[in-house]
Structure formats: C-alpha cells, structure tokens
Amino acid sequence: MCYPKRFWIQLSVWLIICLLMSACYPMVAIAGSFSASPAEFKVSDLSVGQKVERFLYVKNKEDYPQAFIISIQDAPDDNRRDGYEELPDNDWIEFDHESVIVDAHSSVPVTVYVDIPKSESWMGQKWEAWIQILCATSGMFKTVLNVRLLIDTDSELTAADTNLSTGERVALIVGGVGGVAILSAVGVWYIKKRRREQPAQQCN
Amino acid sequence: MKNALIALNLALALVLCGIPVALADNSATVGISARGEEISITVEPSTWDFLVVSAGGLSATGISSFRLTNNSSIPIDVTIAGTDLRGTGENDWVLADEPEEDAYALDAGLSDADNLYDIPVTKIPSILVEDLGATSNQDFGLVLSAPTSISDADVKSGDVIISAVKT
C-alpha cells in the first residue's frame, strides 16, 4: 500500500499537534502535599506551673511555597487515647507561629508551648488535644493533619514547683541556719544560767 | 614462702588464660537505623466541578473519582466534612442533611464491595476511612443533592475537608 507524500505530511502535522496538546493539557492537581512530624506528642510527668516546649515540624512536599495554619482543637470524644480526657482549656497550648509559609521542599519548626496553670486540681491528670495543621493553599479539598498531644501531669509537687528564686532559697537557708544558731545560743545560755544558780542554792 | 609461690603461680595462670580471650575478636558491628513518625496525606484531584445542577437533581462524581493516599509512616484515621457553598449571589447553599430550598446535601462513598455513597458529609467530621495503612490508598467519590429550589444561578463553591490523625 502506497500513501501519497501529502498524507505523511498531514499525519506528521496532526501528530505534532497531538503532542503539543498533551504537553499543554493541565496536569491533575493534587491537594497540597505536606507532612507533620511527629504524628503524636507525649508530654509526661509535666509539673503544673512549669512551661515546657516541644517542636513540631511542618514539611512542604510541593514544588511551590505553601501556607499553613496551626491551631489547637478539642480531641473528639470517640477518638481519644484510652484514659485521656479533653484538655480543660485550649489556651494552655500556644505556638510561636499560628501560620507559616513554607518554601518548596522545605520544613519549618513550630514551637509548641504547654503551660498548665499551677493548681492542685490539675495534678495527676491525663489530657489529649489535637494540634491541627491546615494547608491554606489547597483547592476544593482542604487537607488537615491532626497531631495528637498527650499531656500527663505530675501527681506530686517537685522542688521546681515551689518556684523559688535563688535569692529566696539563699534567704531560706540563711534564715534556717540563723534560727538554729539562735535557739542553740539561747539553750546554752539557759543551761549555763541554771548551773550558776544551782551552787548558790546549795550554799543556802 | 610456699604459699607465696602458689599464689604467684595461680595469678600467672589466670593472666595467661585471659590473654587468648582478650585477643579473640568477639566484636561485631551492627548497623542500626530509625525513622521518626510522620503524618501526611494527599487527595487527587484536588478540585471537582459539578457543572450545572438542576433543582432537586443529583450529581455524582463517580465512586473512584478521588484517590486518598496515606503517605505517612503510620496507619491513620481519616474524616470528611463539608462547608456551605458560597457564590456572588445573595443566597448561599447551606450544607444540610437533606436538600431543601437553597440547601444542598453531600454524601461520600468508598470504592469498595458495595460502591454506595453511604457516608453523609456534614459540617461535623464523619469517618471516611479507619486504620488506613501506611503508604496505602483509598478511592472515593461524592454525590451532590442539589437544593429543591434555587434562588439564583450564580456559580457557588465550597470546601471538602479531609482530616487525618494517627490511628
């Protein structure tokens, strides 16, 4: 079978057009790919009144910068770890950034502060809250990653819980030593006084 | 003197016995590695246009139109939630359990044995997939039930929120 030269030219032109169209056709968009690490935090033996910090890493896996919004959310009743209750106040958790823009293929650390007020009623508790990372630049599908934050508070007050400054501690020690010295001096003075009095009584 | 000699011999014997043990190469190198937990998902494609929908009508994407991929190093639970549809017109389409005037309903379905759109999408997150294994994926689709009557014909858009948490 022999085709005229014109046929091959037309076929070539169509092939080129098809190739160009396929190259220009928009690729399927993916809801902004990103990750968070770790997937779960556990803050154990936390002393109430003591502020601690942890680091959450948000990684942008896309070829373009993406914006993320970070917030604290209640952990739903039906998806909490066994033995953990809802955090009484989400304001106890803070972040150094509540929104971040992360460059392509980069990661950014977000500091998570846990600050439980000093109160006996918050001692020996187990709470769970979720740190929510929302990709603000995704399309119709907003992808959200939830990082579990598990908090176990210490059931006893530790030395650090007294929150005394160095000056206060020195004053306490000096006061204690001074008190003992004064009491001892008074005791010695009293004993000596009694001994002085006794011979006088015997003479009478 | 005799006791001292016996003690010296015993000490020498002990030292000589220990030398071969010390010289023997009993060490081995064990390579160790570890990887921190990471959570990550993707949904593909990220948008869908239901185009023109008629009042009281249904518009489905197809049960395998979207692919949810767990890119994490851990199994995850995934929830789905929706929002109202907003446009340039005065009336938004409110996300409701059942379609009404200017209120639409949305359901999701997994590509599984029954292929049913049996997961109602509301503003409160509903479980889409539980215990989705690391590096696994799950196809799903959406069906939109249009309002029974429509106040304006402006284009409206909203979000579908896909959330993941470590199982």
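Nothing here was measured: the structure is a model prediction, and the numbers come from that model.

Caption draft 1: Region of the structure containing the nonpolar core. In this structure, Ile131(A), Ile133(A), Val147(A), Leu68(B), Val78(B), Tyr104(B) and Ile162(B) are the most contacted members of the largest nonpolar core, which totals 58 residues. Beyond its immediate chain neighbours, meaning those up to four positions away, Ile133(A) contacts Ala36(A), Val58(A), Phe68(A), Ile70(A), Val144(A) and Leu145(A).

Caption draft 2: Representation of the interface of chain A and chain B within the structure. At the interface, 25 residues of chain A touch 25 residues of chain B. Those elements that place two or more of their residues in the side of chain A that touches chain B are β1 (34-37) and β10 (141-153) of chain A. With eight residues, the single largest contributor to the side of chain A that touches chain B is β10(A). Of the residues contributing to the side of chain A that touches chain B, the split by class is 14 nonpolar, eight polar and three charged. Bridge count for β1(A) against strand β1 (residues 39-44) of chain B is three bridges, and the pairing is antiparallel. Residue pairing across strands places Phe34(A) opposite Ile41(B), the latter belonging to β1(B).

Caption draft 3: Highlighting the pairing of strand β3 (residues 66-70) of chain B. Residue and element names in this part refer to chain B. Going residue by residue along β3, you find Phe 66, Leu 68 and Asn 70 tucked away on one face and Arg 67 and Thr 69 left uncovered on the opposite face. Note: β1 against β3, four bridges, orientation antiparallel. For Thr 42, the partnering residue across the bridge sits in β3 and is Thr 69. Looking at chain direction, β3 and strand β10 (residues 137-145) are connected through four bridges and run antiparallel. Bridge pairing in β10 places Leu 68 opposite Gln 138.

Caption draft 4: Representation of the environment of Gly109(B) in the model. Residues and elements named next belong to chain B. The topology assignment puts Gly 109 in strand β7 (residues 103-110). Given 22 C-beta atoms within a 10 Å radius, Gly 109 is considered buried. Along the sequence, Gly 109 and Asp 154 sit 45 residues apart, while their C-alpha atoms lie 27 Å from each other. Sequence-distant contacts of Gly 109, that is, excluding residues within four places in its chain, are made with Ile 63, Asn 115, Leu 116, Tyr 117, Asp 118, Ile 119, Phe 140 and Gly 141.

Caption draft 5: Local environment of unusual backbone geometry. In the segment running from Ser37(A) into Pro38(A), the intervening peptide bond is cis, with an omega of 0°. Here the phi dihedral of Asn115(B) falls at roughly 55°; this positive angle occurs in a residue that is not glycine. Mapping Asn115(B) onto the fold places it in the loop between β7 and β8 (119-121). Judged by C-beta crowding, with 13 C-beta atoms within 10 Å, Asn115(B) ranks as partly exposed. Despite not being glycine, Thr135(B) shows a phi value in the positive range, around 55°. Position of Thr135(B) among the secondary structure elements: in the loop between β9 (126-132) and β10. Classification of Thr135(B) as exposed rests on a count of 10 C-beta atoms within 10 Å.

Rules behind the numbers
Numbering of residues starts from 1 in each chain and follows the order in which that chain's sequence is written. To read the labels, note that chains go from A and ligands from 1, taken in the order they are written. Whole-chain, interface and lining totals are the exception, using all residues; otherwise, since this is a predicted model, local features are given only for residues with pLDDT of at least 70 and side-chain atom pairs are given and counted only at 80 or more. Here a nonpolar core is just a set of buried residues of the types Ala, Val, Leu, Ile, Met, Phe, Trp, Tyr and Cys, joined wherever their C-beta atoms sit within 7 Å. Exposed residues have 12 or fewer other C-beta atoms within 10 Å of their own C-beta, buried residues have 20 or more, and residues in between are partly exposed; the C-beta atoms are placed from the backbone. Two residues qualify as being in contact provided that their C-beta atoms, derived from the backbone, are within 7 Å of each other. Note on conventions: DSSP H or I runs of at least 4 residues are helices, E runs of at least 2 residues are strands, and numbering of each starts at the N terminus. Just so you know the grouping, Ala, Val, Leu, Ile, Met, Phe, Trp, Tyr, Cys and Pro go in nonpolar, Asp, Glu, Lys and Arg go in charged, and all remaining residues, Gly too, go in polar. The pairing criterion for strands is at least two bridges between them, as found by DSSP.

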